[in-house]
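# Residue-level structure breakdown
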Amino acid sequence: AQSVAQPEDQVNVAEGNPLTVKCTYSVSGNPYLFWYVQYPNRGLQFLLKYITGDNLVKGSYGFEAEFNKSQTSFHLKKPSALVSDSALYFCAVRGVDTGRRALTFGSGTRLQVQP
Amino acid sequence: SQTIHQWPATLVQPVGSPLSLECTVEGTSNPNLYWYRQAAGRGLQLLFYSVGIGQISSEVPQNLSASRPQDRQFILSSKKLLLSDSGFYLCAWSPSGTGRETQYFGPGTRLLVL
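Residues numbered from 1 in each chain as written. Chains lettered and ligands numbered in written order. Predicted model: local features only at pLDDT ≥ 70, side-chain atom pairs only at ≥ 80, totals over all residues. Heavy atoms only, no water.

### Structural notes on unusual backbone geometry
Residue and element names in this part refer to chain B. With omega at 0 degrees, the peptide bond leading from W7 into P8 counts as cis. Its place among the elements puts P8 in the loop between β1 (3-7) and β2 (10-13). You will see that N30, though not glycine, has its phi angle at about 50 degrees, which is positive. Counting through the fold element by element, N30 comes out in the loop between β3 (19-26) and β4 (32-38). (Helix = DSSP H or I, 4+ residues; strand = E, 2+ residues; numbered from the N terminus.)

Encoded structure:
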């Protein structure tokens, strides 16, 4: 079985400061890892993914994430937060070797960026 | 480019009434299709997914069903809605084939069962 943990329900950060949203995962074998963002009453928007290769992945809107296999983590980061980054963020995983196509999502972390 | 549509955007239905939510994808062929439910604005629960016409996998037993009558059409249905069916329903698609796992989501349908 595969699972994702987002240990923080909410992260508060001041505008201009760096932000980190944490994600750890559990799969059999190697993972595909994803980050999505959701604004109120909207669908999820794809931010970035790790499939293979470089452990540091860069995505949309200045976000990046680092894959750490030994810690089974895929934390989302941004060097300088914007008020417009305030939203709900989801981490998702799928095991490379599973026949199941669907992703497993974490419970989400609400990011609040204060001006 | 590919786009995904869902309708209706909002729906208010009485308990015991039927349900039909529709999702269509444009600009791609043979996509994998998914239905999720999001309750209370947080975690996503996978309900159904489909890798082809007429091929539906159910993740959670419940009073909902899904159908894929055409390659790019995915329908979520119920014969009799329950109060607990209220939520935000999201359709998603991903390209077929291995290594192309990214899912792209529609705008969602907010369902309120009274």
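### Side note on the sheet that holds β3 of chain B
Residue and element names in this part refer to chain B. The antiparallel open sheet is built from four strands, whose spatial order is β1-β3-β8-β7. Of all strands in the sheet, those with a lone pairing partner are β1 and β7 (64-70), marking the two edges. Strand-to-strand twist of the sheet, defined as the mean angle between neighbouring strand axes without regard to direction, takes the value 20 degrees. In the sheet, β3 pairs with strand β8 (residues 73-78) via six bridges, with the strands oriented antiparallel. Along β8, the bridge assignment pairs T24 with Q73. (Pairing = 2+ DSSP bridges. Axes fitted to C-alpha atoms, helices over the stretch in contact; angles between N-to-C directions.)

### Digging into the pairing of β4 of chain B
Residues and elements named next belong to chain B. In terms of burial, β4 is largely enclosed, as seven of its seven residues are buried. Residues N32, Y34, Y36 and Q38 of β4 are buried on one face, and the alternating residues L33, W35 and R37, pointing to the opposite face, are buried as well. Of the pairings in the sheet, the one linking β4 to strand β9 (residues 87-94) comprises seven bridges and is antiparallel in character. Along β9, the bridge assignment pairs Y36 with L90. Summarising the sheet, β4 and strand β5 (residues 44-52) pair through six bridges and their orientation is antiparallel. Residue pairing across strands places L33 opposite S50, the latter belonging to β5. (Buried < 20%, exposed > 50% of the residue type's maximum accessible area, 1.4 Å probe, protein only.)

### Here's the deal with the state of the cysteines
Inspection of every chain in the model, using the stated rule, returns two disulfides over all chains. C23 of chain A shares a disulfide with C91 of chain A; S-S distance 2.0 Å. Judged by the sign of its S-S torsion, about -60 degrees, the bond between C23 of chain A and C91 of chain A is left-handed. Placement of C23 of chain A in the loop between β3 (19-21) and β4 (24-26) and of C91 of chain A in strand β10 (residues 87-95) is noted, with a sequence separation of 68 residues between them. The exposure class assigned to C23 of chain A is buried, which follows from its relative accessible area of 0%. The disulfide that involves C23 of chain B links it to C91 of chain B, with 2.0 Å between the sulfurs. For the disulfide bridge between C23 of chain B and C91 of chain B, the dihedral angle about the S-S bond is near -75 degrees, and by the sign convention the bridge is left-handed. Here C23 of chain B is found in strand β3, whereas its partner C91 of chain B is found in strand β9, with 68 residues between them in sequence. Take C23 of chain B and C91 of chain B: they sit in the same class, and that class is buried. (Disulfide = S-S within 2.5 Å.)

### Considering the side chain of S50 of chain B
All names here are of chain B. By secondary structure assignment, the location of S50 is in strand β5. Note on S50: relative accessible area 0%, which makes it buried. A polar atom in the side chain of S50 sits 2.9 Å from the backbone oxygen of G52. Here R68 takes part through its side chain, which lies 3.1 Å from a polar atom of the side chain of S50. Here S50 is in contact with P31, N32, L33, Q55, I56, R68 and F74, once residues within four sequence places are set aside. (Polar contact = N/O pair within 3.5 Å; in protein donor to acceptor, adjacent residues only side chain to side chain. Contact = heavy atoms within 4.5 Å.)

### Remarks on the pairing of β8 of chain B
The side chains of a regular strand alternate between the sheet's two faces. Along β8 of chain B, five of the six residues are buried, which leaves the element largely enclosed by surrounding structure. Two successive antiparallel strands, β7 of chain B and β8 of chain B, enclose a turn made up of two residues.

### Structural notes on the pattern of salt bridges
Residue and element names in this part refer to chain B. In the structure shown here, the tally under the stated rule is four salt bridges over all chains. In this structure, D71 engages R68 in a salt bridge whose closest nitrogen and oxygen atoms are separated by 3.3 Å. With relative accessibility at 3%, the residue R68 sits in the buried group. (Salt bridge = Lys/Arg side-chain N within 4 Å of Asp/Glu carboxyl O.)

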